[in-house]
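So the chains spell out like this:
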Amino acid sequence: MKPIPYARQSIDESDIEAVVDVLRTDWITQGPKIEEFEREVRTYCGATHAAAVSSGTAALHLAYLALGLGPGDTLWTSPITFVATANCALYCGAEVDFVDVDPASGNLCVDALERKLEDARRRNRLPKIVAPVDFTGLPCDLASIRTLADRFGFSVVEDASHALGASYRGDRVGGGGYADITVLSFHPVKIITAGEGGMTLTDHGRIDATIKKLRSHGIERGAQLSQEHGAWYYEQDALGYNYRMTDIQAALGISQLQRIDGFLSRRRELAVRYADKLRRLPVIAPHQPDHARSSWHLYVIRIDDSDAPAKRRAVFDRLASSGIRANVHYIPVHLQPFYRARGFSPGMFPEAERYYRQALSLPLYAGMSDEDQDRVVLALEQALK
Ligand SMILES: *Cc1c(COP(=O)(O)O)cnc(C)c1O
């Protein structure tokens, strides 16, 4: 039987046609499709401005830079995330620290954040940016984080790489005005794909303009500069990057966004089916708070390991031998050798470490059939015996 992956993209003929159409035009790199993709995504999410870039990682990097993160500053994030959320702060020359997670959701714990902020204020070491992650597609408690941001004077970059189409208190992620910048990723495993790609969403025009300048070398052009110096003239007034998205990618993104309602409703349907079928198994199903509606990027169950350490490993290996390619999200970032070498060590963020020991991501993607899901549940039942 064909192996079942933990995630996969869903590409149809309309997506293929959209990409081929761009190849027949004069624009291949950043052109009119970029503006169209930005307009479609910001309208969908309810944000004022959007900037498309080459990856979610590039979007995080430029978001941090646009908020002024640099040497001497600190960024705080959750240890339960992909390494890029933390790495991008180091790209800026800043320091990284972590805030432990809520054991139920795996999202950054607001109480732990508040305690850490009070302590940091006493030591005059407040963070410049806090980057909460909407882990698995479940939005963080954004209103509480916003309140703390206003009280302690830090900026919020919401890493919503998992959460396009999720909602928080009735607002889609990226709308609602809670975060200063919201970051999306269009990597193939995410809710929609552009091959690779990312986007920043913000309600602040100046931040958006800075990101759009930095994604293309820090270079500015414009009618006024042309008038003054000649039509060839451009000016570099900051150190930027080549983080441009191509029109080829944007065309795929636009086409995928047209299909997002179907993607999300299938993911939600599969999540409901999992919850129903897993009820009789000795596993902890994902937490669903009242304040938010997940996009179900990941379906992370937890396996209680108090009676048998390494139980999750045994279940993972048994699933693999039945052709079920589960995954684990995430190895806590502070336990990576690179971060240990920077002074982090086991025991620093105990809830994140416990979450990691128990977590198992079951296959979930929009193109998954009921039969494949039943195969996963059956294999899991046998693996737990
Ligand atoms: C995917 C992901 C990223 C990075 O996105 P890329 O588009 O792969 O660069 C960042 N943070 C989280 C939480 C992610 O899942």
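Okay, so let's go over this structure. (Residues numbered from 1 in each chain as written. Predicted model: local features only at pLDDT ≥ 70, side-chain atom pairs only at ≥ 80, totals over all residues. Heavy atoms only, no water.)

Looking at the overall build of the protein
Using the following cut-off: Counting from the N terminus, the helices are DSSP H or I runs at least four residues long and the strands are E runs at least two residues long. For a compact globule the rule gives 2.2 Å times the number of residues to the power 0.38, and the radius of gyration it is set against comes from C-alpha atoms. Any residue under 20% of the maximum accessible area for its type is buried, any over 50% is exposed, and the rest in between are partly exposed; the area is computed with a 1.4 Å probe on protein chains only. A positive count includes Lys and Arg, and a negative count includes Asp and Glu. His and the chain ends are not counted in either. Here the site of a charge means atom NZ of a Lys, CZ of an Arg, CG of an Asp or CD of a Glu.
Check the secondary structure of the protein and you find 14 helices and 14 strands. Computed over the C-alpha atoms, the radius of gyration of the protein is 21 Å, within 12% of the 21 Å expected from 2.2 N^0.38 for a compact globule of 385 residues. Principal-axis analysis of the C-alpha atoms gives the protein an extent of 75 × 60 × 40 Å. Relative to its full complement of 385 residues, the protein shows a buried share of 55%. Once the 45 positive and 49 negative side-chain charges of the protein are each reduced to a mean point, those two points are 5 Å apart.

Considerations on unusual backbone geometry
A cis amide bond links His 329 with the next residue in sequence, Tyr 330, at an omega value of -10°. Looking at the element boundaries, Tyr 330 is found in the loop between α11 (311–321) and α12 (337–340). Here the phi dihedral of His 217 falls at roughly 70°; this positive angle occurs in a residue that is not glycine. Here His 217 is to be found in the loop between α7 (205–214) and β10 (219–220). The class for His 217 is partly exposed, based on a relative accessible area of 34%. In this structure, Trp 296 is a non-glycine residue whose phi angle is positive, near 55°.

Considerations on α7
So the rule is basically this: What makes two residues a contact is simply this: any of their non-hydrogen atoms within 4.5 Å.
Every buried residue of α7 is accounted for by Ile 207, Asp 208, Ile 211, Lys 213 and Leu 214. In this structure, the buried residues of α7 make contact with β1 (49–53), α3 (56–66), β8 (181–185), β9 (198–202) and β10.

Description of the sheet that holds β9
For the record, the criterion: Note on pairing: two strands pair once DSSP finds at least 2 bridges between them. Each axis is a line fitted through C-alpha atoms, and for a helix only the stretch in contact is used; angles between axes span 0 to 180 degrees, taken between their N-to-C directions.
One open sheet accounts for seven strands, arranged β1-β9-β8-β5-β4-β2-β3; its pairing is mixed. The sheet is open, and its two borders are formed by β1 and β3 (95–98), each paired with just one other strand. Strand-to-strand, the axes of this sheet are offset by a mean angle of 20°, without reference to chain direction. Pairing geometry for strand β5 (residues 155–159) and β8, over three bridges, is parallel. In the strand pairing of β8, Asp 159 is matched with Val 183. Of the strands in this sheet, β2 (74–77), β3, β4 (129–131) and β5 are in contact with helix α4 (residues 84–91), which crosses β3 at around 150°.

Details of α4
Extensive coverage of α4 is indicated by the burial of seven of its eight residues. All buried positions along α4 are accounted for by Ala 84, Thr 85, Ala 86, Asn 87, Cys 88, Ala 89 and Leu 90. Taken together, the buried residues of α4 touch α3, β2, β3, β4, β5 and α12. Two residues or fewer past α4, Gly 93 is found with a positive phi of approximately 85°.

Focus on the site of the ligand
Note the following rule: When we say a residue is near a molecule or strand, we mean one of its heavy atoms is within 4 Å of it. In protein, a polar contact means a hydrogen-donor-capable atom and an acceptor-capable atom, both N or O and within 3.5 Å, with residues adjacent in sequence counting only if both atoms are side-chain atoms; elsewhere, any N or O pair within 3.5 Å suffices. Calculation of accessible area relied on Shrake-Rupley with a 1.4 Å probe; when residues are assessed, cover is drawn exclusively from the protein chains displayed. Put simply, the grid is 1 Å and covers the protein atoms alone, a cavity is a trapped set of points that fit a 1.4 Å probe, a pocket is an open set with protein on both sides within 12 Å along at least five of seven lines, and lining residues have an atom within 4 Å of a point. To be counted as sitting in a cavity or pocket, a molecule needs more than half of its atoms within 2 Å of that site's grid points.
Close to the ligand lie 16 residues; Thr 57, Asp 159, His 162, Ser 185 and Lys 190 are nearest. Note that an oxygen atom of the ligand is positioned 2.8 Å from one of the backbone N or O atoms of Gly 56. Contact between the ligand and Asp 159: a nitrogen atom at 2.8 Å from a side-chain N or O atom of the residue. Within the complex, the protein chains bury 93% of what would otherwise be the 380 Å² of accessible surface of the ligand. Among the detected pockets, the ligand sits in the largest pocket. Take the shell around the ligand: its biggest share by element is three residues, from α3.

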